[in-house]
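Commentary on secondary and tertiary structure
The chain contents come next:
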Amino acid sequence: MDRALEATPIADGVYWVGALDWGIRNFHGYLTSRGTTYNAYLVLGDEPILIDTVKAPFKDEMMSRIASVLEPGRIRHVISNHAELDHSGALPEVLRTIRPDSVLTSTMGARALKDHFHWDLEPRVVKDGERVELGNKVFQFIHAPMLHWPDSMLAYLEGPGLLFTNDAFGMHLCSSQRFDDQLSRSLLEYEAAKYYANILLPYSGRVQKLGERLSRLRLPTSMIIPDHGPIWRKDMDWITRRYLLWAAQVPTPKATVVFDTMWQSTAVMAQAVGDGLMGAGIDIELLPLDSVHRSDVATKVLLSGGLAVGSPTLNNSIYPSLADLLFYLRGLQPKNLLGIAFGSYGWGGQAVGILEKLLGEMSVELAAPGVRVRHVPDARAMQQCRALGARLGERLMEECNQVGQP
Ligand code: FEO
């Protein structure tokens, strides 16, 4: 067995044995600008335990890290918290190599693993709340359906108080560091928000339920240990509070202005809309879709109370980039947004109406009727755009005042 790569100790007898994917940039449509990690963990004891595995091409990297502390064949149990292939892709080959006594997973996990690998393996199904002794280690399992798939669960190791959360509280961030306190807060804040916006946002109700459940359980926890990005050993309260904030999606005095443009008319309209918003005291981000990825727009939308969308009319419809974005956002189900639409046209002029319809399908409340301009906006049209932005800003401020947001 190749022992070239090292495991990283994270607690007494517990090691990170995952893989670093520096190069990935597309994670099913999400721009992973800083790569990602597939975290797996080895717990030493009477009966050594492997928690999750890695994406299939990274199997050797994981096995090498395991071999740096333990002959892999000595692993007796594998806990599979989630069957998605970034955590289970290497599992079949790992099982063939190490031949453990048991694979522990949720009911839905057993089904999902079978659907993926079409094998005869009979995993040991653990119930929600079940407490399981594995040699001299005791785990509690907490099912967390839809965070991120129906099978997802958390594993809590009694004693050191380690909460292995799989996708929850993770982020796509590859780095040399394994812990939150080794990385800058602004980097963690952006990447954690991006992960939440693009992976967990549709399941915000489940996030709130998990938060309530963990509060009730009062498990003494020294680390929150996700399967992507850094381990939370210092700022556990910060990330759990952020999750509850993002799940609530309370209106904020921030707006995202997102647009594409053909001959710069919709671009200058976007500028005027943004100016109106700023005049109303709103913090804005102006995002041209020819250079900003949909997953970064989704991140800004998570942190916004207002969404202004602009598109020229192209072939009696909206720009393909806007269609891509709005269908993507619709799937993510952002809540409590106020919106407006704007855009230029040459003859048909359907884009603004289509944008408004799509916003309605996302349950975005329109703050004012949209503005459309034939060909190139003149001073009056620019004033209309500014007023449109100002109206959105005023409505947003009213909403924020109602819910007590600063
Ligand atoms: Fe990281 Fe849902 O898998």
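Before reading on, note that the structure itself is shown above.
The notes below deal with the structure included here.

Quick notes on the rules
- Residues numbered from 1 in each chain as written.
- Predicted model: local features only at pLDDT ≥ 70, side-chain atom pairs only at ≥ 80, totals over all residues.
- Heavy atoms only, no water.
- Phe/Tyr/Trp six-rings, centres within 6.5 Å; stacked < 30°, edge-to-face > 60°.
- Helix = DSSP H or I, 4+ residues; strand = E, 2+ residues; numbered from the N terminus.
- Buried < 20%, exposed > 50% of the residue type's maximum accessible area, 1.4 Å probe, protein only.
- Salt bridge = Lys/Arg side-chain N within 4 Å of Asp/Glu carboxyl O.
- Pairing = 2+ DSSP bridges.
- Axes fitted to C-alpha atoms, helices over the stretch in contact; angles between N-to-C directions.

The next subject is the packing of aromatic side chains. For the coordinates displayed, the defined rule picks out nine aromatic pairs. Aromatic pair tyrosine 196 and tyrosine 243: ring centres 5.1 Å apart, planes at 80°, arrangement edge-to-face. One end of the pair, tyrosine 196, is in helix α5 (residues 185-200); the other, tyrosine 243, is in helix α7 (residues 236-248), and 47 residues separate them in sequence. Considered together, tyrosine 196 and tyrosine 243 belong to a single accessibility category, that of buried residues. Geometrically, the ring pair formed by tryptophan 232 and tryptophan 238 is tilted, given 5.8 Å between the ring centres and 40° between the ring planes.

A few words on the pattern of salt bridges. Throughout the structure, instances matching the rule amount to 20 salt bridges. With a closest N to O distance of 3.0 Å, lysine 59 and aspartate 60 form a salt bridge. Its relative accessible area of 13% is what places lysine 59 among the buried residues. Classification of aspartate 60 by relative accessible area gives exposed; the value is 54%. As a salt-bridge pair, arginine 185 and aspartate 235 come within 2.8 Å of each other at their nearest N and O atoms. Taken together, the residues arginine 185 in helix α5 and aspartate 235 in the loop between β16 (223-226) and α7 connect sequence positions 50 residues apart. A residue is classified by how much of its surface remains accessible, and arginine 185, at 38% relative accessible area, is partly exposed.

The mixed open sheet is built from five strands, whose spatial order is β12-β13-β14-β15-β16. One side of each edge strand has no neighbouring strand; the edge strands of this open sheet are β12 (131-134) and β16. This sheet shows a mean twist of 25° between the axes of neighbouring strands, independent of strand direction. For strand β15 (residues 162-166) and β16, the ladder comprises four bridges, and the chain directions are parallel.

The next subject is the pairing of strand β1 (residues 8-11). Where β1 meets strand β2 (residues 14-16), three bridges bridge the pair, whose relative direction is antiparallel. In the sheet register, proline 9 faces β2, and the bridge partner there is tyrosine 15. Connecting the antiparallel pair β1 and β2 is a turn made up of two residues, with glycine 13 showing a positive phi of about 75°.

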